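Each chain is listed here by its residues.
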Amino acid sequence: MLNSIKTNHFEGNASKELGMMYFRVAIILFGAQLLMGLIAAIQFLVPGFLFELFDFSIARMVHINALVVWMLYAMIGATYFLLPDETDVEPIGIGLGKLGFWVLTAAVTVVVLVFIFVQVGAGTEASIWLITEGREYIEAPRWADIGIVVVVLIFYFNVFATFIKSSKKTGIMTVMIANLLALAGLYLAGMFYTDNISMDQFWWWWVIHLWVEATWEVFVGTLAAFALIKLIGAKREVVEMWLWIEVLMLFGSGILGMGHHYFWIGTPEYWWEIGALFSALEPVPLIAMFVHVLYDWGKEQGIAKAKGETGSVITNGPAMAWIVLNAFGNFLGAGIWGFFHTLPQVNIYTHGTQFTAAHGHLSFFGAYATILIGMMYIGVQGAYGAKRMKMNFNSKMGIFLTAFGVMGMTVALTIAGYEQVLVERAELGATWNAFFVAQNLPWYVQGQMWRAIMGVVTLIGFIYLAVDLLTIGKKAQAEEA
Ligand code: HEM
Ligand code: HEM
Ligand SMILES: [Fe+2]
């Protein structure tokens, strides 16, 4: 892959090559994430499975940290990939960027090995620095946090300096520059330590919620805009206009929408009203985004038809399929499954049940995994210099089985959560004992069983996807030759 990038000699090769390096690690971590998820899913059914060898707490932790890290890798990869195209100049600092890549990858490896080999022990000041900070999703110890900040600073400097050097300031790049600064800056909110758990949770949500419901959403907006121009020749004015509208709406609803995490952590009660109102508005921009993708495509096709042409040629079939899936997935996972439990009147029953896990799976997959995989396909196409890449059997199986698997897991977990809400919360009053009673009820147990089965389906889909990403470029190149 690397060689073919070099022989193609298009502008910005080094940056795209670095993007591909990030994509490769991302896909490996995605595979690791799924394996960890399966171990944790089996432990729900057979609690003694790998007990004291590879505990549930560790499998779950590696599962969700790998998720966050692979997505950050894929985002950095996508940025380095689109940078030369959007700026029309040779990106700055790619040599330093490569060094950053290796430092980050070495740090991630060490952190995971420490997670696996040091599973139990006292939580002290030293363990915060060396083992884990214990904050769900961003559990890396502080030494790694500092390393991450340094690597991200290099990354941001490269993107920013390239943007400044270029005379072509596109809307996509302008939004990206501002958004990346917010995205990176928010990470700092999860780094300092306070021994008041309410305060700790308060700041922790600044990272988690303001990432996934504000800055990451804006980021995928910029990717969708870039991809639509690239894949179907959508008009820049149209996609960028939508992008600006979404930025405005996402920051509006997303920031105060954070109140839906402040209902029960010891923050003042006014958060009930603020959280209810603004988080209920959050699906609005997601619907706009959904309409945006489909409307743009339909409009392009309509214009072509009126001119008597066949319509736009999709230059990369698998990427387009994943990006359309993103529009549906974001709308369903974040918009619908999020809205389900966002009002405090509902959340008092659903909080921390399998409902939450159902929403977590569908939203992360639908809103982020999909479009980042789409970007990987665009990356592969660029690396092989293929003018057109069509769907083949592996691409279809990859997208169908992963999407079907995740949707299946979501439905299974929603049913398990429903039983928890009715029995554990409503009927038995959310006592410690009620928690265990609900865990043994038939719908709950069957839900967990179906989740494990659908997890295997997802994993098989992933294998097709990985094989496709490794082979499709060469196939397209051979066809064109
Ligand atoms: C792509 C965007 C989104 C992602 C990736 C996402 C992901 C998640 C995850 C992983 C959790 C569980 C956090 C934990 O471990 O405690 C969560 C919780 C929650 N999400 Fe989202 N979410 C998104 C958007 C939304 C939206 C738009 C809404 C509302 C309309 C929403 C409503 C909620 C609520 C109310 C909770 C708290 C659940 C509880 O009380 O247990 N989410 N979200
Ligand atoms: C092989 C497929 C998968 C299996 C078997 C699986 C299994 C699991 C299990 C057992 C948990 C712990 C749930 C709990 O503590 O109640 C979990 C959590 C989670 N998984 Fe997965 N998972 C899979 C794939 C995925 C994918 C594809 C994504 C997103 C792209 C994802 C995102 C998450 C998130 C965000 C959480 C935390 C949810 C929360 O705190 O509510 N998983 N998963
Ligand atoms: Fe949230």
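Residues numbered from 1 in each chain as written. Chains lettered and ligands numbered in written order. Predicted model: local features only at pLDDT ≥ 70, side-chain atom pairs only at ≥ 80, totals over all residues.

### As for the site of ligand 2
Quick reminder of the rule: Any residue qualifies as near a molecule or strand once its backbone-derived C-beta atom lies within 6 Å of it. Helix and strand labels come from DSSP, where a helix needs a run of H or I of at least four residues and a strand needs a run of E of at least two; each type is numbered from the N terminus. In the scheme used here, Gly and all other residues not listed as nonpolar or charged are polar, with Ala, Val, Leu, Ile, Met, Phe, Trp, Tyr, Cys and Pro taken as nonpolar and Asp, Glu, Lys and Arg as charged. Start and end points for every domain follow an automatic or database-based domain assignment.
Around ligand 2, the surrounding shell holds 21 residues, and the nearest of these are Gly 37, Ala 40, Gly 360, Phe 364 and Gly 455. Counting residues per element, the ones that place at least two in the shell around ligand 2 are helix 2 (13-45), helix 3 (56-87), helix 14 (354-384) and helix 17 (442-480). Considering each element in turn, the shell around ligand 2 owes the most residues, seven residues, to helix 14. Looking at side-chain class alone, the shell around ligand 2 contains 13 nonpolar, seven polar and one charged residues. Viewed by domain, the shell around ligand 2 spans two of them, domain 1 (1-168) and domain 2 (314-481), each represented by three or more residues.

### Focus on the site of ligand 1
If you check the shell around ligand 1, you find 22 residues, and the closest are Ala 334, Gly 338, Gly 360, Ser 363 and Ala 367. Elements with a minimum of two residues in the shell around ligand 1: helix 8 (197-232), helix 12 (317-340) and helix 14. For the shell around ligand 1, the leading source of residues is helix 14, giving six residues.

### Thoughts on the confidence of the model for the protein
Detailed reading of predicted coordinates is not advised where the pLDDT is low. Our working definition: Scored from 0 to 100, pLDDT records how confident the predictor is in each individual residue. A pair of residues counts as a contact when their C-beta atoms, built from backbone coordinates, are within 7 Å of each other.
Across the protein, pLDDT averages 92, with 97% of residues at or above 70. With pLDDT under 50 throughout, residues 1-10 is counted as low confidence; its partners more than four residues away or in other chains account for 13 contacts.

### Structural notes on the nonpolar core
For the record, the criterion: By convention in this section, buried Ala, Val, Leu, Ile, Met, Phe, Trp, Tyr and Cys residues joined through C-beta atoms within 7 Å make up a nonpolar core. To sort residues by exposure, count the other C-beta atoms lying within 10 Å of each residue's C-beta; 20 or more gives buried, 12 or fewer gives exposed, and values between give partly exposed, all with C-beta atoms placed from the backbone.
Tyr 22, Ala 74 and Leu 372 are the most contacted members of the largest nonpolar core, which has 140 residues in total. No fewer than three residues from each of domain 1 (1-168) and domain 2 (314-481) sit in this core. Not counting residues within four places of it along the chain, the set of residues in contact with Ala 74 comprises Tyr 22, Phe 23, Ala 26, Leu 372, Met 375 and Met 376.

### Observations concerning the domain arrangement of the protein
Its domain assignment divides the protein into domain 1 (1-168) and domain 2 (314-481). Taking the mean C-alpha position of each, domain 1 and domain 2 sit 20 Å from one another. Tallying the contact residues gives 25 residues for domain 1 and 21 residues for domain 2. Elements that contribute at least two residues to the side of domain 1 that touches domain 2 include exactly helix 1 (2-8), helix 2 and helix 3. Of the residues forming the side of domain 1 that touches domain 2, the biggest block, 14 residues, is contributed by helix 2. When the residues that make up the side of domain 1 that touches domain 2 are grouped by side-chain class, the tally is 18 nonpolar, six polar and one charged.

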